[in-house]
Amino acid sequence: MSGSEEVTVPDHIVEWSGEAGPRRVLTEAFARFERGQALAGGSCRVELSEAERRQVGRILTATWVASGHAVRWRDLRAGLEANGTTLEAVVEHRHGPWRQVLQDRRDLREEGMRDHEQAVDRLLAVLRARTGALSLPEGTAEAVGRGLFGRRTTAADAERIVRTLDGLPGPGERVGLAVLAARVFGDAHALDRSTALGRAVVRFVRLEALVRSGERVPEAGASFSVQDWRAAWAGVGVLCDQVSSQVLLLNLPLEGEAPAVAIAGAAAGEPLWLTLRAMAGGLSVPNSVSTVFVCENPSIVEAAADALGSASHPLICTFGRPSAAALHLLSAVGASTVIKVQADSDATGRAIVEAIVAQYPSAVPWRMPGSGTVYEEELVNDLVRDLDPATKSSP
């Protein structure tokens, strides 16, 4: 709305408004009207040349042109009213209707907050219904309001989360993550860990599990590991891809009911790949295994196989940052077994070693230099010597 309804603009004012000086002043007025300013007071900030001042001055007082003063909005209003029109009418005639931009922004913010509040209310109601909780722990509203997506949750976000929850398998049933995503959204990758929706749903089902168990609600936006990701989905009957997650090993004996036990024992002295799927069903390392070595690069495994074959100490290769399969296997090694960890001593390699040492109490660095960048291939002879049981001691 411009406020110029039913106010005419005389022809001589139309002609005046098209001149350079008046045009510049009216453009400034238009911009201010769009920002929601009424222009009841204050001055125009536009600097005018002498010629432009004379043009504008034709509807102001006789002394204004020579005064050097800026155009005061109330004086401009008075001059236009004396000519039978208003500032709003002239500005709209010149530039067209304006939008109240600030008001529009305020309206959008208010609409966004209403949308956000509806989303939070809906997700809290879903959480109560799914958990049977009469009251929710402190911090739950913040967790669903800002913690799911790392920003304000919207009604559209809530709708997609609820659609996913409605598509979860029933008790005792299982479904693949890609199958669930394709079934609910027509896109097999819609719930991948790389998507905001996939991460949000996992945060929600983890929150649901915490509410059921009475545990403390995590801070909004708390991160989670690959293992947390898989465990959260598994808790609601959804299986992540367990075939592409692999780990390479050499001479690591395994016990248990998992298919990996037979695979690991099938070819002594040969590097073998195990998938996460193959490790399902129970897995452990025999008590006779006192030390397991861990490296980053497959070339170390191959060198140990060539030089030592079945005589090599057990060796696990993370093949870069540990996959879910590698982490699962390391967990199966157990606290009673020493884990010696080696990686390239660049930033990535040091981060790998630090993470494994932090996660597994029995893990210690293996030949990691204190400073500088040294790649595993440069240490291959020393590493292979450490893997030889005939060597009396290993760093």
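Heads up: these notes are all about the structure in this document. (Residues numbered from 1 in each chain as written. Predicted model: local features only at pLDDT ≥ 70, side-chain atom pairs only at ≥ 80, totals over all residues. Heavy atoms only, no water.)

Let us look at the environment of Val-162. Within the secondary structure, Val-162 sits in helix α9 (residues 155-166). For Val-162 and Asp-104, which are 58 residues apart along the polypeptide, the C-alpha to C-alpha distance reads 31 Å. (Helix = DSSP H or I, 4+ residues; strand = E, 2+ residues; numbered from the N terminus.)

Below, the discussion takes up helix α11 (residues 196-213). Spanning 18 residues, α11 covers 26 Å between terminal C-alpha atoms, matching the ideal 26 Å at 1.5 Å per step. Turning to α11, its buried residues are Leu-197, Gly-198, Ala-200, Val-201, Val-202, Arg-203, Phe-204, Val-205, Leu-207, Glu-208, Leu-210 and Val-211. Just downstream of α11 lies Gly-214, where phi reads positive at about 80°. (Expected span 1.5 Å × (residues − 1). Buried < 20%, exposed > 50% of the residue type's maximum accessible area, 1.4 Å probe, protein only.)

Time to look at the environment of Glu-377. Mapped onto the elements, Glu-377 comes out in the loop between β8 (363-365) and α17 (380-387). Judged by its relative accessible area of 41%, Glu-377 is partly exposed. Taking the C-alpha atoms as reference points, Glu-377 and Asn-297, 80 residues apart in sequence, are found 8.3 Å from one another. A distance of 2.9 Å separates polar atoms of two side chains, one belonging to Glu-377 and the other to Ser-299. (Polar contact = N/O pair within 3.5 Å; in protein donor to acceptor, adjacent residues only side chain to side chain.)

Excluding glycine, residues mostly carry a negative phi; peptide bonds, for their part, are mostly trans. The phi torsion at Asn-251 lies on the positive side, around 55°, for a residue other than glycine. Examined against the element boundaries, Asn-251 turns out to sit in the loop between β3 (246-250) and α13 (259-264). With relative accessibility at 16%, the residue Asn-251 sits in the buried group. The phi dihedral of Phe-319 falls on the positive side, at around 55°, and the residue is not glycine. With respect to the helices, strands and loops of the structure, Phe-319 is situated in the loop between β6 (315-317) and α15 (324-333).

All right, on to the environment of Phe-33 then. The topology assignment puts Phe-33 in helix α2 (residues 20-34). A relative accessible area of 4% places Phe-33 in the buried class.

Before going further, it helps to spend a moment on the packing of aromatic side chains. A full pass over the atoms with the stated rule returns three aromatic pairs. Ring plane angle 65° and centroid distance 4.7 Å describe the contact between Phe-293 and Trp-366, whose orientation is recorded as edge-to-face. Here Phe-293 is found in strand β5 (residues 291-295), whereas its partner Trp-366 is found in the loop between β8 and α17, with 73 residues between them in sequence. An identical accessibility class is assigned to Phe-293 and Trp-366; each is buried. When the ring centre of Trp-64 is taken as origin, the NZ or CZ atom of Arg-53, which lies over that ring, is 4.0 Å away. (Phe/Tyr/Trp six-rings, centres within 6.5 Å; stacked < 30°, edge-to-face > 60°. Lys NZ or Arg CZ within 6 Å of the ring centre and 35° of its normal.)

Here we have six strands laid out as an open sheet, ordered β4-β3-β6-β5-β7-β8, and mixed in their pairing. The open sheet has two edge strands, β4 (272-275) and β8, and neither has a second partner. Each neighbouring strand pair of the sheet contributes to a mean axis angle of 30°, computed without reference to strand direction. Direction of pairing for β5 relative to strand β7 (residues 338-341): parallel, over a ladder of four bridges. (Pairing = 2+ DSSP bridges. Axes fitted to C-alpha atoms, helices over the stretch in contact; angles between N-to-C directions.)

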